[in-house]
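# Structural features, examined
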Amino acid sequence: MFFDNQNPILFKIQQLIPYYLYNKSEEHIIEGATFYEADLPGSIDELKGEIALWQLHWTQQPVKKEKINTEIDAFKETEDGYFPNIRQLLLILAILPVTTSTSERSFSTLKRIKTYLRTTMGENRLNGLALLNIHKQIDVRPEEVLDMFSKSNPRKLQLSLLL
């Protein structure tokens, strides 16, 4: 994933990915990492040392091994624990959404569910309907819902006998 100039912080942190890593990228990475300094397990000085070792690690790789070009694969390379600050920055880079489409989809769903005629709908029902609409791939059978409801709310009338 390659970020454009719309988000300069992520563009700078992206240079931790070995494919985009070059000798003079340390200053850029540090500039981007200062924004997430509170999330790092160590200090910025420790990060500088890790970046130097990270660059050395990837410049001394055998020619036959290709350089990693995704943040997830780079994150997997830090599982040994030698680069905790770099690992945290790669995790941040991997989980930040590139677009706002997921949020926009959720609001569009809520707009369809909660209309002018349904303004008195409670929060629980609204959440349930929104989740059903967003996660359409989950198969919900009415019989299962009825069974769960009858078991959780015992009544005089046995709902299970009606089926």
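A short tour of the structure in this document, coming up. (Residues numbered from 1 in each chain as written. Predicted model: local features only at pLDDT ≥ 70, side-chain atom pairs only at ≥ 80, totals over all residues. Heavy atoms only, no water.)

## Considering the packing of aromatic side chains
For the structure on display, the rule yields 4 aromatic pairs. Both rings, one in Tyr 19 and one in Tyr 20, keep their centres 5.2 Å apart while their planes meet at 90°; by these two values the pair is edge-to-face. Measuring from ring centre to ring centre gives 5.8 Å for Trp 54 and Trp 58, while their planes differ by 70°; the resulting arrangement is edge-to-face. Of this pair, Trp 54 and Trp 58 are both found in helix H3 (residues 44–59), 4 residues apart, which corresponds to roughly one turn of the helix. Take Trp 54 and Trp 58: they sit in the same class, and that class is buried. Ring pairs connect the aromatic residues Trp 54, Trp 58 and Phe 83, which therefore count as one cluster. (Phe/Tyr/Trp six-rings, centres within 6.5 Å; stacked < 30°, edge-to-face > 60°. Helix = DSSP H or I, 4+ residues; strand = E, 2+ residues; numbered from the N terminus. Buried < 20%, exposed > 50% of the residue type's maximum accessible area, 1.4 Å probe, protein only.)

## Some thoughts on a negative patch on the surface
On the surface, Asp 73, Glu 77, Glu 79 and Asp 80 cluster together into a negatively charged patch. Turning to its location among the elements, Glu 79 is positioned in the loop between helix H4 (71–76) and helix H5 (84–95). Its relative accessible area of 57% is what places Glu 79 among the exposed residues. (Patch = residues over 30% accessible without salt bridge, like charges linked within 9 Å, V, L, I, M, F, W, Y side chains within 5 Å. Areas by Shrake-Rupley, 256 points an atom, 1.4 Å probe, with all protein chains shown as cover. Salt bridge = Lys/Arg side-chain N within 4 Å of Asp/Glu carboxyl O. Lys, Arg positive; Asp, Glu negative; His and termini not counted. Charge placed at Lys NZ, Arg CZ, Asp CG, Glu CD.)

## Things to note about the nonpolar core
Counting 24 residues, the largest nonpolar core has Leu 16, Leu 47, Ile 51, Trp 54, Ile 86, Leu 89 and Leu 90 as the members making the most contacts within it. Counting only elements with at least two residues in this core, the list comes to helix H1 (8–13), helix H2 (26–33), H3, H4 and H5. Sequence-distant contacts of Leu 47, that is, excluding residues within four places in its chain, are made with Ile 30, Ala 33, Leu 40, Asn 85, Ile 86 and Leu 89. (Core = buried A, V, L, I, M, F, W, Y, C linked by side-chain atoms within 4.5 Å. Contact = heavy atoms within 4.5 Å.)

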